[in-house]
Amino acid sequence: MEASRPIPTPDSQTGLRALQAMLRERHPLAALQVFHDELGDVFRIQLPGFTPVVLVGPQAARFVLVEERGELLWRNEADPVVALLRHGLLVEDGQAHDDLRRLMNPALHRRMLERYLAEMSQAVDQVTSHWHDGDVVDMLVEMRKIALLILVGTLFGADFQPELQPLWQPILDSIRFISPGIWMVWHDAPRPQYRSGLQRLDDYLYRLIRERRALGDFRDAPDLLGSLIATGMTDDLIRDQLLTMLIAGHDTSTALLSWALFLLGSHPQAYQRAQDEVDAFNFSGQVTIEQLSGLRYLDSVIREALRLYPPIHLGSRLAATDLDYQGYRIPAGERVIYSIYLTQRHRGHWQDPHRFLPERHASGGQKTPYTWLAFGGGPRNCIGAAFGQVEAKLVLATVLRRFDLQLVERHVRPHMGATLEPHPGVRMRLKLRTPSQ
């Protein structure tokens, strides 16, 4: 039997260069980039108590997402995301996942999106009505408000505006709870500071479920909450799906919208081209899916923002059995990480991979499958992919049509939280546009 190849690990010099890059650029992704540049598409991270195998590139993505999907498990009881989401769609495997997805798909299907547009537009109006000429606002904060209002309004059938202030901190706490931190090397680290915030989120979601059940007639409810109740699902399992959508759904949209605005603000020609395209469309009355689909350049901007700064920047799995990847042995119980961030900046598959070039997506984007992974791939691709793309296009088009935006602070770096967010934020000065513009 042929011996397996040793998985490359950083030596002291590579480790030093990675540390220098991380200190210089002030984010851990810079260190991963050094490891990838020097060690290749397969390498191991060496930290106390945290030694995952990292896979990069389209072949790795196909291996994880398709070929060995059944042997690479999402659910890892040691991770806080399981403690938070319990039996939510995101952390279930096998038949349990497939059954949940089948029940949730109708509320997120493309044919439902036209129904959601009015609610999406209302959320943008609610937030931007507080923007005034000359104001400087943090788009990371403002886009989070919009994303929360949209998600709860469309999928839960509830007005989240009264909850924005009281639940703002509990939502941020829940994001920090599942973000990379000390739990990665100290699995049993006590974290009592999160308890009260997470309980307040639970109280809210259980109240929504009780109130909807009390209405009695939910069989034809078009939203996610109503359709889940109609299946006969328990309150606990419904709560798990709602919290999964609330946290994962809104946080990914927040990151995408914030990065897209930052990139447009950093590239005046791209900004002007996107705004000109929006201006050329007559958005009188309610926006339609057909109108949004005509915004081809804005679509390319969104895809390029997702390429450079994918909100879900890595996928973490647990090997259920011994696996072989290109001659490398991955033993059962090993944590396997496939890097979406590095794959989408891979020099072997993208020209000028670190540059913002929306035009590269004009003819359908990447030629090689699994080089663009913003919504995953295979049978477990993101259930909200169509929803998120329509949402992003509507929000950006509305903002560009109503405001001229000037980036105030250009020193922004990626922050590896639950999603990849711009840190410390995206501060932009607003100028109200006249109707004739």
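For the structure, see preceding data.
Residues numbered from 1 in each chain as written. Predicted model: local features only at pLDDT ≥ 70, side-chain atom pairs only at ≥ 80, totals over all residues. Heavy atoms only, no water.

## Looking at the sheet that holds strand β12 (residues 427-432)
How we decide: When DSSP finds two or more bridges between a pair of strands, those strands are recorded as paired. Strands here mean DSSP runs of E at least two residues long; helices mean DSSP runs of H or I at least four residues long; both are numbered from the N terminus. Lines fitted to the C-alpha atoms define the axes, with helices restricted to the stretch that makes contact. Angles between their N-to-C directions range from 0 to 180 degrees.
The strand order across the open sheet formed by three strands is β4-β12-β9, and the pairing between neighbours is antiparallel. A single partner strand is all that each edge strand has here, and the edge strands are β4 (136-138) and β9 (403-407). Sheet twist, expressed as the average angle between the axes of neighbouring strands with direction ignored, equals 40°. With three bridges joining them, β4 and β12 adopt antiparallel strand pairing. Pairing of Val-137 across the sheet is with Met-428, part of β12.

## Considerations on a nonpolar patch on the surface
The condition that has to hold: To count toward a patch, a residue needs a relative accessible area over 30% and no salt bridge; like charges are then connected within 9 Å, while nonpolar side chains (Val, Leu, Ile, Met, Phe, Trp, Tyr) are connected within 5 Å. In short, Shrake-Rupley with a 1.4 Å probe defines the accessible areas, and a residue's cover is counted only from the protein chains shown. Every case where a carboxyl oxygen of Asp or Glu lies within 4 Å of a side-chain nitrogen of Lys or Arg is listed as a salt bridge. Think of it in three bands: with a 1.4 Å probe and only protein chains considered, a residue is buried below 20% of the maximum accessible area for its type, exposed above 50%, and partly exposed in between.
On the surface, Leu-16, Leu-19 and Leu-23 cluster together to form a nonpolar patch covering roughly 280 Å² of accessible area. Relative to the elements of secondary structure, Leu-16 occurs in helix α1 (residues 12-25). Residue class for Leu-16 comes out partly exposed when judged on its relative accessible area of 41%.

## Thoughts on the sheet that holds strand β5 (residues 314-319)
One key point about sheets: their strands pair by backbone hydrogen bonds, in either a parallel or an antiparallel sense. The strand order across the open sheet built from five strands is β1-β2-β8-β5-β3, with neighbouring strands paired in mixed fashion. Both edges of this open sheet fall to β1 (42-44) and β3 (72-73), since each of them pairs with a single strand only. In the sheet, β5 pairs with strand β8 (residues 335-339) via five bridges, with the strands oriented antiparallel. Pairing of Arg-317 across the sheet is with Val-336, part of β8.

## Looking at the packing of helix α11 (residues 235-266) against helix α12 (residues 268-280)
Which entries qualify depends on this criterion: To sort the angles, those under 35 degrees are grouped as roughly parallel, those over 145 as roughly antiparallel, those from 65 to 115 as roughly perpendicular, and the leftovers as oblique. Any pair of residues with heavy atoms lying within 4.5 Å of one another is described as a contacting pair. The nonpolar class holds Ala, Val, Leu, Ile, Met, Phe, Trp, Tyr, Cys and Pro. Asp, Glu, Lys and Arg form the charged class, and all remaining residues, Gly among them, are polar.
Taken N-terminus to C-terminus, the directions of α11 and α12 make an angle of 115°; their axes are 5 Å apart at the nearest point. If you check the angle between α11 and α12, you find them roughly perpendicular. Residues Leu-264, Gly-265 and Ser-266 of α11 touch α12, and the partners they reach there are Pro-268, Ala-270, Tyr-271 and Ala-274. Grouping the constituent residues of the contact of α11 with α12 by class yields five nonpolar, two polar and no charged.

## Side note on the nonpolar core
Put simply, the rule reads: The set of buried Ala, Val, Leu, Ile, Met, Phe, Trp, Tyr and Cys residues whose side-chain atoms join them within 4.5 Å is what this entry labels a nonpolar core.
Residues Met-139 and Phe-156 are the most contacted members of the largest nonpolar core, which totals 127 residues. A total of 15 residues in this core trace back to one element, the largest contributor, which is α11. Among all residues touching Met-139, those that are not within four sequence positions of it are Trp-131, Ser-258, Leu-261, Leu-405, Val-426, Met-428 and Leu-430. Of all hydrophobic cores here, the second largest spans 20 residues; its members include Val-42, Ala-61, Leu-323 and Leu-373.

## Quick word on helix α16 (residues 385-402)
As a reminder of what qualifies: For a helix, the expected span equals 1.5 Å multiplied by the number of residues minus one.
Along its 18 residues, α16 runs 26 Å from first to last C-alpha, staying within 8% of the 26 Å computed at 1.5 Å per residue. The element α16 is extensively covered by neighbouring structure, given that 15 of its 18 residues are classed as buried.

## Section: the layout of surface pockets
Note the threshold: A pocket, in this scheme, is an open set of points on a 1 Å grid over the protein atoms alone with protein on both sides within 12 Å along at least 5 of 7 lines, while a cavity is a set where a 1.4 Å probe fits but cannot get out; residues line either one if an atom lies within 4 Å of a point. Grid points are joined across faces, edges and corners, and a volume is the space filled by probe spheres set on the points.
A volume near 480 Å³ is recorded for the second largest pocket. As for the second largest pocket, its lining consists of 24 residues, and the residues nearest its centre are Glu-25, His-27, Tyr-309, Val-412 and Pro-414. Of all the secondary structure elements, the ones that give two or more residues to the lining of the second largest pocket are α1, α2 (29-39), α11 and β10 (413-416). At five residues, the largest contribution of residues to the lining of the second largest pocket is made by α2. In terms of residue class, the lining of the second largest pocket is built from twelve nonpolar, six polar and six charged.

## Things to note about the pattern of salt bridges
Applying the stated criterion across every chain yields a total of 31 salt bridges. Its salt-bridge partner being Glu-77, residue Arg-75 comes within 2.8 Å of it at the nearest N-O pair. You can call Arg-75 buried: its relative accessible area is 18%. Take Glu-77: its relative accessible area is 59%, and that puts it in the exposed class. Here Asp-299 ties to Lys-393 by a salt bridge, and the two come within 3.7 Å at their closest N and O atoms. You can see Asp-299 sitting in helix α14 (residues 296-308) and its partner Lys-393 sitting in helix α16, a full 94 residues away along the chain.

## What to know about empty space enclosed by the protein
Considering all chains together, one arrives at one cavity of 30 Å³ or more under this definition. Within this model, the largest cavity holds a volume of roughly 40 Å³. Taken together, Phe-283, Val-287, Leu-292, Leu-394, Ala-397, Thr-398 and Arg-401 make up the full set of residues lining the largest cavity. Here the lining of the largest cavity gets four residues from one element, more than from any other, and that element is α16. For the lining of the largest cavity, the per-class residue count stands at five nonpolar, one polar and one charged.

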